[in-house]
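Listed below are the residues making up each chain.
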Amino acid sequence: MGDLLLVRHGATAWSLSGQHTSWTDLPLTDEGRAQAREVAPLLGPERIGTVFVSPLKRARDTAELAGLAGLHDVRIDADLSEWDYGAYEGVTTAEIHRTRPGWFLFTDGVAPGPPEHPGESPEEVGARADRMLAKVRAAAADTEGSVALVAHGHFLRVLTARWLGLPPSDGAFFQLGTGTLSRLGTEHGRPVIAGWNVRASS
């Protein structure tokens, strides 16, 4: 298969404030929309066969502004949704540390939320990333070119760890900025990170 291209959506009000954002369907800020447009020239030279996009508005709008929505094979997939933060939705890490000093998302998971959003453990997010990678490989087998994913920071970090054969908690090592392009590939048949946190200005 070709490379796997990861696009993190552009900035929202909560990504700027540091509030955990999973199911809350925030729009892109003006800055976020500009970031998404700046991804377009990075993708221009790519031969992309399939695009998978999270169903949340910030990801769908990023895909459109980055020029991906016009491709013939664009699939909205709920497995690309952000980590379900449960009771920590809309809460910052600093606020969580007031009652749980030393809390760390990638190892500790989240506190349970409402029935419709109970929260996910790192292992549950890792299982979802594995499902997504299976879909990516199936799509790559059916079409030529790379596969692109437009999704969310924490989920894409876990997916990167799983691509490399690492546990979901190792997603902690892959900081991912808004409105960036990253590339997963292979070298001598082994999975690698071929590019990370690329912006048009970098």
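A brief look at the structure comes next. (Residues numbered from 1 in each chain as written. Predicted model: local features only at pLDDT ≥ 70, side-chain atom pairs only at ≥ 80, totals over all residues. Heavy atoms only, no water.)

Topic: the packing of aromatic side chains
Think of a pair of aromatic rings as described by two things: how far the centres are apart, and how the planes are tilted against each other in angle.
Consideration 1: Within this structure, the stated rule accounts for four aromatic pairs.
Consideration 2: Here the aromatic rings of W83 and F106 are separated by 5.7 Å at their centres, their planes lie at 85°, and the arrangement is edge-to-face. Residue W83 is located in the loop between β3 (74-76) and α4 (93-99), and its partner F106 is located in helix α5 (residues 105-108); the two are separated by 23 residues in the primary sequence. With respect to class, W83 is no different from F106; both count as buried.
Consideration 3: The structure contains a cluster of three or more aromatic residues connected by ring pairs, namely W83, F104 and F106. (Phe/Tyr/Trp six-rings, centres within 6.5 Å; stacked < 30°, edge-to-face > 60°. Helix = DSSP H or I, 4+ residues; strand = E, 2+ residues; numbered from the N terminus. Buried < 20%, exposed > 50% of the residue type's maximum accessible area, 1.4 Å probe, protein only.)

Details of the layout of surface pockets
Consideration 1: When its volume is computed, the largest pocket comes out at roughly 330 Å³.
Consideration 2: Around the largest pocket sit 18 residues that line it, and R8, S15, Q19, Y85 and H154 are the ones nearest its centre.
Consideration 3: Broken down by secondary-structure element, the contributors of at least two residues to the lining of the largest pocket are α1 (13-17) and α7 (153-163).
Consideration 4: Sort the elements by how many residues they give to the lining of the largest pocket and α7 lands first, with three residues.
Consideration 5: Residues belonging to the lining of the largest pocket are distributed by class as follows: three nonpolar, eleven polar and four charged. (1 Å grid on protein atoms, 1.4 Å probe; cavity = no way out; pocket = protein on both sides within 12 Å on 5 of 7 lines; lining within 4 Å. Points joined across faces, edges and corners; volume = space filled by probe spheres on them. Nonpolar A, V, L, I, M, F, W, Y, C, P; charged D, E, K, R; others polar.)

Some remarks on the sheet that holds strand β5 (residues 181-187)
Consideration 1: Pairing in this open sheet of six strands is mixed, and the strands run β3-β2-β4-β1-β5-β6 from one edge to the other. Because the sheet does not close on itself, it has two edges, and the strands there are β3 and β6 (190-198). Across the sheet, the mean angle from the axis of one strand to that of its neighbour is 20°, orientation sign disregarded. (Pairing = 2+ DSSP bridges. Axes fitted to C-alpha atoms, helices over the stretch in contact; angles between N-to-C directions.)

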